[in-house]
Amino acid sequence: MTAVLTRRPGISRIRAAGSPLHLACLGLVGVVVLAALLAPWLVPHDPNAVDLGNALAGPDAEHPLGADAAGRDTLSRLLLGARTSLLGPLGVVVFSTLAGVAVGTAAAWRGGWLDSLLSRSTELVFAFPGMLLAILIISVYGEGLLAPVIALAVAYLPYVSRLTRSLVLAEAARPYVSAYRVQGHSALQICLRHVLPNIAPVVLAQSTINFGYALMDLAGLSFLGLGVPALTPDWGRMVFDGQTAIQHGYPLSAVLPCAVIVLTVVAFNVVGERWADRVARRDR
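Below, the structure is looked at part by part. For clarity, every value in this text was computed on a predicted model and none was experimentally measured. (Residues numbered from 1 in each chain as written. Predicted model: local features only at pLDDT ≥ 70, side-chain atom pairs only at ≥ 80, totals over all residues. Heavy atoms only, no water.)

Remarks on the overall build of the protein chain
At step 1: What the protein chain contains, in helices and strands, is 12 helices and 0 strands.
At step 2: Starting at the N terminus, the α and β elements of the protein chain follow one another as α-α-α-α-α-α-α-α-α-α-α-α.
At step 3: Over its C-alpha atoms, taken along the principal directions, the protein chain stretches across nearly 75 × 60 × 30 Å.
At step 4: Scored against the burial criterion, the 284 residues of the protein chain give a buried share of 40%.
At step 5: Pairs at least 24 residues apart make up 70% of the contacts formed inside the protein chain by residues separated by at least 6 positions.
At step 6: Accessible surface, the protein chain as shown: approximately 15,000 Å² in total, 68% of it carbon and sulfur.
At step 7: Where the 20 positive side-chain charges of the protein chain centre and where its 16 negative ones centre are 20 Å apart. (Helix = DSSP H or I, 4+ residues; strand = E, 2+ residues; numbered from the N terminus. Buried < 20%, exposed > 50% of the residue type's maximum accessible area, 1.4 Å probe, protein only. Contact = heavy atoms within 4.5 Å. Areas by Shrake-Rupley, 256 points an atom, 1.4 Å probe, with all protein chains shown as cover. Lys, Arg positive; Asp, Glu negative; His and termini not counted. Charge placed at Lys NZ, Arg CZ, Asp CG, Glu CD.)

Side note on empty space enclosed by the protein
At step 1: Taken as a whole and assessed by the stated rule, the structure comprises 2 cavities of 30 Å³ or more.
At step 2: Space inside the largest cavity adds up to approximately 90 Å³.
At step 3: Taken together, 16 residues make up the lining of the largest cavity; nearest its centre are Leu145, Leu218, Ala219, Ser222 and Asp234.
At step 4: Looking at the lining of the largest cavity, the elements that each hand over two or more residues are helix 4 (74-110), helix 9 (187-223) and helix 10 (235-241). (1 Å grid on protein atoms, 1.4 Å probe; cavity = no way out; pocket = protein on both sides within 12 Å on 5 of 7 lines; lining within 4 Å. Points joined across faces, edges and corners; volume = space filled by probe spheres on them.)

Observations concerning helix 4
At step 1: For helix 4, spanning 37 residues, the distance from its first C-alpha to its last is 53 Å, which sits close to the expected 54 Å at 1.5 Å a residue.
At step 2: Maximum bend of helix 4: about 30 degrees, positioned at Gly81.
At step 3: In the stretch just after helix 4, Gly111 is the one whose phi turns positive, near 65 degrees. (Expected span 1.5 Å × (residues − 1). Bend = angle between axes of the 7 residues up to and from the residue.)

Right under this line is the structure:
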């Protein structure tokens, strides 16, 4: 075994990095993120420029992915739509992770009535469908990105808080925590400097998986016409706008954003699960 590792370190590093599927998904995540960041400089056309004479046009040199029912360039809308499609899930993950970690840590560390109160509250939220909560909030505040992001962040909070609670309970039983308590360190110092850094990889792995689900949920809301405004480039909105094209036998403007959504969600889930598996193997 030692001889193999000595003669072929490159192969060993590749195997350690992950399977071909994981590497492909990691590459896809990188491409999507770069597309979102560089979209204003990559778009070949104005994504909102209407050209009815070019409506439902197929791929050509000027429009590599064709045009939608309003004659807007599909490639430009896909590229710029990556920004909105990724920004929403990022907001959901950030808010739900920060709040979930705070709730889970407080419940596990303090215990007693606070643990019971926070646990029962998160279970109540957990029982309420996130999509229904988002639809209710959107019906009150109108279309836009902020309302569904807040609603889904609240819906995802119980997943993070329950995971955090179990992890903090396990960490609190370790000898190093007792040692810091004896030395006079406060609960806040122990949690921020030692407990939370130790559980961070697991929480981040779960957040990566949540990102994919949030992307799918927000795309579903946009498909229903309840997400971003009509003129905003967004993958879910593109599917919604492409329904008319499908009825006329031109499915490309709807199929392409569907494929991008599915591939991106799968990529984030695979990367998150791979990360979680590595953390689990490390802790064994």
